[in-house]
Amino acid sequence: MDEIQDNTRRRQNPLNRGAGGTAFLSRVIGHIDLDYFYAQVEEVEKPSLKGRPVIVCVFSGRTEDSGVVSTANYEARAFGVHSGMPIAQAKKNLEGRNPEVIRMDHEKYEVISGRIMDDLGSMVDALEPTGIDEAFFDITDSTGGDYGKARRSAESIKQAIIQNEHLTCSIGVGRSKVVAKLGSDMAKPGGLMVVSPEATEPFLAPLDASRLYGIGPKTTSVLGEMGIRTVGELARADPSELESRFGRKFGGYLLAAATGSDADPVVVGLEPTQFSRIVTLRRDTRDAKEVAEQLSEGMQYIYGKLLQSGKSFRTITAIGILTDLSTKTRSKTFETAVSDVSLIRGTVPALFYELGRTVGREFRRAGVRVSGLEDVKDQTSLSEFIRQAR
Ligand code: TTP
Ligand code: CA
């Protein structure tokens with residue numbers, strides 16, 4: 001990996017050494033966060049919602065309105081509606097504002113999230129998803145540490161997600177995860193904030209320390225007792241005092257975070273939970289054979305991923321994305337985990353046949369996903385089994 005020295009900061013403190021104890025390294029780390037994710041997905045599926053307050057809710061089923069708001073679009077947020085608010089309260093806030101109340105459809109958001117993560121994975125050096133709608137990424141190698149290039153990369157990522165999914169996101173780029181995360185928070189909604197290595201400390205210094213990733217109300221109050229309110233003040237704190245108050249590890253992290261030199265790497269997800277591939281069809285169709293043919297390479301890719309990771313799967317899903325970008329799926333779950341390519345190839349056309357029949361509309365994009373992954377231990381693949389049985 002290219003490691004570029006950041007000459008803007010030479011002061012060392014014992015809790016926060018760069019690799020080899022030398023100056024800090026300018027990595028190029030990004031954080032991407034999709035805007036009002038569930039609600040935006042619903043807007044994309046039904047464009048007439050745009051401009052109206054939208055709340056996506058989890059209904060508990062006890063009474064008609066019992067449950068909480070999962071997320072709300074910005075039109076609803078303008079009236080104080082937020083994640084976790086009781087539905088009844090949100091409706092009250094939005095009275096007379098023509099709100100759309102939508103039941104949360106987790107499976108749908110998962111499918112879209114999986115697609116976006118797949119796309120992202122191919123655009124960056126390393127991707128670490130940290131939630132359904134957010135991920136850290138590393139583009140140090142591909143940009144050679146050049147922050148001008150990093151800005152262009154981030155812009156193309158934003159463009160790709162708009163083009164493929166019609167969704168907006170916010171991205172922060174900086175030399176550490178803490179800086180990248182702050183950047184994406186500040187860029188919300190829809191923006192891009194690039195904090196170059198030189199700009200890092202002036203960028204961080206005036207912010208409230210409580211804005212740093214990992215600093216909650218408890219830490220904020222202890223810091224307050226120490227007379228520390230801003231990130232700049234935290235950066236100048238006595239390392240040994242921080243260590244005695246917070247312990248060696250967290251004390252060290254606080255100081256590193258405050259200078260944008262937290263060294264935590266972007267870790268590519270070690271344990272995959274699914275593999276998927278989605279293609280844009282050459283023409284809109286719901287002909288199962290035609291769809292499956294165009295997914296042939298995708299199925300081979302998934303099989304390769306299964307082999308590579310030593311996984312077998314329980315569930316296979318056919319994904320159809322309609323011309324209005326709404327997503328329809330049809331799955332089959334096997335009683336035991338399987339890992340055979342012929343099983344994938346055999347099941348997919350049947351699932352698309354069923355899906356096409358029930359949906360009754362044409363697909364613009366189509367995909368395959370395998371999930372319910374398990375380790376292939378001594379388990380033999382179906383073809384192996386048949387071969388041995390002969
Ligand atoms: P967030 O990224 O926290 O929120 P958001 O995407 O809705 O809005 P923002 O534009 O501020 O990023 O969460 C991602 C999704 O997770 C969100 O769309 C819905 C879901 N979620 C819940 O279901 N419950 C919650 O309490 C929160 C915070 C999120
Ligand atoms: Ca989000």
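Thresholds applied
- Residues numbered from 1 in each chain as written.
- Chains lettered and ligands numbered in written order.
- Predicted model: local features only at pLDDT ≥ 70, side-chain atom pairs only at ≥ 80, totals over all residues.
- Heavy atoms only, no water.
- Donors = N, O, S within 2.8 Å, 3.2 Å for Na, K, Ca; no water.
- Buried < 20%, exposed > 50% of the residue type's maximum accessible area, 1.4 Å probe, protein only.
- Pairing = 2+ DSSP bridges.
- Helix = DSSP H or I, 4+ residues; strand = E, 2+ residues; numbered from the N terminus.
- Axes fitted to C-alpha atoms, helices over the stretch in contact; angles between N-to-C directions.
- Contact = heavy atoms within 4.5 Å.
- Left-handed = near helix turned anticlockwise from the far one by under 90°.
- Nonpolar A, V, L, I, M, F, W, Y, C, P; charged D, E, K, R; others polar.
- Salt bridge = Lys/Arg side-chain N within 4 Å of Asp/Glu carboxyl O.
- Core = buried A, V, L, I, M, F, W, Y, C linked by side-chain atoms within 4.5 Å.

Looking at the calcium ion (ligand 2), one finds its protein donor set to be Asp 33 (OD), Leu 34 (O) and Asp 133 (OD), positioned 2.1 to 2.3 Å from the metal centre. Since its relative accessible area comes to 4%, Asp 33 is described here as buried.

Now for the sheet that holds strand E6 (residues 134-138). The strand order E5-E6-E1-E7-E8 describes an open sheet built from five strands, whose pairing is mixed. A single partner strand is all that each edge strand has here, and the edge strands are strand E5 (126-131) and strand E8 (192-194). Sheet twist, expressed as the mean angle between neighbouring strand axes with direction ignored, is 15 degrees. The pairing of strand E1 (residues 29-34) with strand E7 (residues 169-174) spans six bridges and is antiparallel. In the sheet register, Leu 34 faces E7, and the bridge partner there is Cys 169. Sitting on the sheet, helix H7 (residues 177-187) touches E1, E5, E6, E7 and E8, and the angle it makes with E7 is about 145 degrees.

Our focus in this paragraph is the packing of helix H14 (residues 296-309) against helix H15 (residues 341-359). The geometry of H14 relative to H15 is characterised by a closest axis approach of 10 Å and an angle of 145 degrees between their N-to-C directions. Two packed elements cross with a definite hand, and for H14 against H15 that hand is right-handed. In contact with Ser 296, Met 299, Gln 300, Ile 302, Tyr 303 and Leu 306 of H14, H15 contributes Val 341, Ile 344, Arg 345 and Val 348. Grouping the constituent residues of the contact of H14 with H15 by class yields seven nonpolar, two polar and one charged.

What follows deals with the environment of Ile 302. The residue Ile 302 is located in helix H14 in this model. With 42 residues separating them in the primary sequence, Ile 302 and Ile 344 have C-alpha atoms 9.1 Å apart. Those residues within four positions of Ile 302 in sequence are excluded, and the remaining contacts are Phe 275, Ser 276, Arg 277, Ile 344, Val 368 and Val 370.

With mixed pairing, the three strands of this open sheet are ordered in space as E3-E2-E4. Taken across any chain shown, the strands that pair with only one partner, and hence form the sheet edges, are strand E3 (67-72) and strand E4 (100-103). Sheet twist, expressed as the mean angle between neighbouring strand axes with direction ignored, is 35 degrees. Pairing analysis gives four bridges linking strand E2 (residues 54-59) to E4, with the strands arranged parallel. By the bridge assignment, Val 56 is partnered in E4 with Ile 102.

Let's shift gears to the pattern of salt bridges. Counted according to the given criterion, the structure contains 22 salt bridges. With its nearest N and O atoms 3.1 Å apart, the salt bridge here joins Lys 108 to Glu 42. A residue pair is termed long-range when its members are at least 10 positions apart, and Lys 108 in helix H4 (residues 106-121) and Glu 42 in helix H1 (residues 37-45) qualify at 66 residues. The exposure classification of Lys 108 matches that of Glu 42, with both residues buried. One network of salt bridges, in which partners are shared, links Glu 42, Glu 45 and Lys 108.

Below, the discussion takes up the nonpolar core. By size, the foremost hydrophobic cluster in this structure holds 38 residues, and its most contacted members are Ile 32 and Ile 161. Contributions of two or more residues to this core are made by E1, H1, E2, H4, E6, helix H6 (147-165), E7 and strand E10 (311-322). Counting residues per element, this core draws most heavily on H4, at six residues. The contact partners of Ile 161, leaving out residues within four places of it in the chain, are Ile 32, Leu 34, Ile 116, Leu 120, His 166, Leu 167 and Cys 169. By size, the runner-up hydrophobic cluster in this structure holds 26 residues, among which are Leu 281, Val 291, Met 299 and Leu 306.

Nothing here speaks to function; it is all geometry.
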